[in-house]
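Analysis of the macromolecular model
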There are 2 protein chains.
Amino acid sequence: MVFKDFEGLKAALGTRGKKTAAVVCPDASALIALARCQREGILDGVLVGDQKSIQKNIEEQAGILGDTLKDLPVIHAPDPLGAAYGAVECIKRGEADLLLKGKLETSLLLKAVVDKKSEMRTGRLMSHLAFLKIPDHHKLIVLTDSGMVMHPTLDQKKQILENAVDALRKMGYDRPKVGVLAAVEKVNPDMPETLDAQELTRMNRQGEIKGCLVEGPYSYDILMSRESAEKKGVESELAGDPDILLAGDMTTGNILGKALVFSAKAEMAGIVVGARVPIALTSRGATEAEKYLSLILARSCA
Amino acid sequence: MVFKDFEGLKAALGTRGKKTAAVVCPDASALIALARCQREGILDGVLVGDQKSIQKNIEEQAGILGDTLKDLPVIHAPDPLGAAYGAVECIKRGEADLLLKGKLETSLLLKAVVDKKSEMRTGRLMSHLAFLKIPDHHKLIVLTDSGMVMHPTLDQKKQILENAVDALRKMGYDRPKVGVLAAVEKVNPDMPETLDAQELTRMNRQGEIKGCLVEGPYSYDILMSRESAEKKGVESELAGDPDILLAGDMTTGNILGKALVFSAKAEMAGIVVGARVPIALTSRGATEAEKYLSLILARSCA
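Here's what I pulled together on the structure shown here. Small disclaimer: the values here were computed from a predicted structure and weren't measured. (Residues numbered from 1 in each chain as written. Chains lettered and ligands numbered in written order. Predicted model: local features only at pLDDT ≥ 70, side-chain atom pairs only at ≥ 80, totals over all residues. Heavy atoms only, no water.)

1. Describing the interface of chain A and chain B
Test applied: In what follows, a contact means two residues having at least one pair of non-hydrogen atoms within 4.5 Å. Summed over both partners, the accessible area lost on bringing two parts together, with a 1.4 Å probe, is the buried area. What counts as a salt bridge is simple: a side-chain nitrogen of Lys or Arg found within 4 Å of a carboxyl oxygen of Asp or Glu. Two N or O atoms form a polar contact when they lie within 3.5 Å of each other; inside protein one atom must be a possible hydrogen donor and the other a possible acceptor, and for residues adjacent in sequence the pair counts only when both atoms belong to side chains. Secondary structure is summarised from DSSP: a helix means a run of H or I of at least four residues, a strand means a run of E of at least two, and numbering begins at the N terminus for each.
Taken together, the contact pairs 36 residues of chain A with 36 residues of chain B. Between chain A and chain B the total buried area reaches about 2,900 Å² when both faces are included, carbon and sulfur atoms providing 63% of it. Of all residues in chain A, A:Ile255, A:Phe262 and A:Ser263 give up the largest surface area on contact with chain B, accounting jointly for 19% of the area buried on that side. At the boundary of chain A with chain B, the tally comes to 4 salt bridges. A salt bridge links B:Asp221 to A:Lys258; the shortest N-O distance between them is 3.7 Å. On inspection of chain A and its partner chain B, the count reaches 9 residue pairs in polar contact (both at pLDDT 80 or more). If you list the elements that add at least two residues to the side of chain A that touches chain B, you get helix H8 (192-205), helix H9 (220-224), helix H10 (226-231) and helix H11 (250-262) of chain A. The element contributing the most residues to the side of chain A that touches chain B is H11(A), with 10 residues.

Below is the structure:
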């Protein structure tokens, strides 16, 4: 399966039944996003945070929420770090299947997640997946990593790649196509990312990276435009048709992702994967629409 | 002065009179682009390359070229490297003011340009300027360097920045605004490009980099969206309004430029600056429209 847009991804969730999101420090937008998922039969929730402030938020948004969230369990935690620990405890006890970040510093949430006692780690690196619907592009593009791992080594790139492939396979992709991004398609020892791309391609061919097709180094135009690939004489299944773009480092990924959102008007939502459960983690000031999409993503691979 | 698009840049050339382009190994698209500039009173040309093949190209394009290029001087050079040397000799003798790359390997053209005997170097690094007209964006954006300097040091970044500023000031900009790109707006020792950005900002404030406004590190959204800058509490003349984006390395610049062209549908043209004269240098398979715009750019800062 391959998804044209977020609607397609959501439609594929239809028959999978409900899971439960633990919402850490739920603010109005997180509550509205969760309520929408609940109404659509996709998610239930556990609300973890300061009980009074949660109650206040629910009352203030009553016009939008209606009765949706009224019967959800609330776990009281007076401070944000306590709420983060409370939420991972829910996961540990099997009471929730994914996390949604509300109004707290990302670092606090991650502190609880990476704590050994939380048993949230899997031995895998944690990494960020940005799902992008670029107008007029024929499918969703997953960009990784643009938010978690600054300067990945080859081994870390392998983990980032496998995190993305695992998530997409859980979402229903059969064999995600991974394009390893560089400025050029020729391997050049002066550009270490091209050497890593070659090595990741080899690992995939020799069965060390499974369940996907990996090729690179490729320039952005070869990956994103079949016409450009043809002009340059590149024949590949990846040409114009990747599912995943693997960036050489976080800064490149970050700038690319933001250029797609702010200049190409792409719709974007992100999750963090590599822990025991996916984390719907949006940036400061994310709207409820972004949080909703992020929840859809997390639910799709939970 | 600031330019909304390529038309604006061209209009500003109106009163400046003709200059002369030395065209190295002119192919059909280079000839058509030059003829258009000639008809518009912007450029004359000198054609450098294999005389027979030039004659043949002109005859084959007679329908488009008309009589435009008939009286232009032709300097015969049987091979591409010879043509490159022939063209830089024209510059040296004062017979041409800029170079246009026709059909030859970029490396051969640059070999002649960087040869000490050619006297084309200025002591400055040579760098690439990509001019981008992003749909709905209110002004041209100049991205540098996305094609010449792989891993610039701080001093090289300073030269790349100064090359861009010099070119824009020749084009009529009063005080170009330079945003130094990174993933974040906070300086972080683990992200060397943020340290370089801070240092370039300091150099500008203390008068070591003149004639422009330099600020960074800034994320792409802060630079390209005033709304995003406001949300993040960034108040700056640069917010949403840079003229120049300085990339941390060539790969980042390359991927960003291609994303803007292939996903944001930006119109792009590039030149190489830092040598004694600007070089209109387009990629393999560039159309005459791209070569024409590149000539306009080179003429604008020659």
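2. Some remarks on the relation of the copies chain A and chain B
Using the following cut-off: Our superposition of the copies is a least-squares fit, built on the C-alpha atoms of residues whose pLDDT is at least 70 in both.
Take chain A, turn it by 180°, move it 0.0 Å along the axis, and it overlays chain B with an RMSD of 0.0 Å. Such values leave the two copies arranged in the relation of a two-fold axis. The rotation axis passes nearest to the C-alpha of A:Ala264 in chain A, at a distance of 1.9 Å. The overlap is high: 100% of the interface residues of chain A also sit at the interface in chain B, so the same surface is used on both sides.

3. Description of the sheet that holds strand S1 (residues 19-24) of chain A
Residue and element names in this part refer to chain A. Our working rule: For two strands to be treated as a pair, DSSP must find no fewer than two bridges joining them. Interaxial angle, 0 to 180 degrees, is taken between N-to-C directions of lines fitted to C-alpha atoms, where a helix line uses only the stretch in contact.
Spatially, the 11 strands line up as an open sheet ordered S3-S2-S1-S4-S11-S10-S5-S6-S9-S7-S8, and their pairing is mixed. A single partner strand is all that each edge strand has here, and the edge strands are strand S3 (74-76) and strand S8 (213-218). Of the pairings in the sheet, the one linking strand S6 (residues 141-144) to strand S9 (residues 244-246) comprises 3 bridges and is parallel in character. Its bridge partner being in S9, Thr144 is matched across the sheet by Leu246. Against the sheet, helix H2 (residues 28-39) touches S1, strand S2 (43-49) and strand S4 (98-101), its axis set at about 155° to S2.

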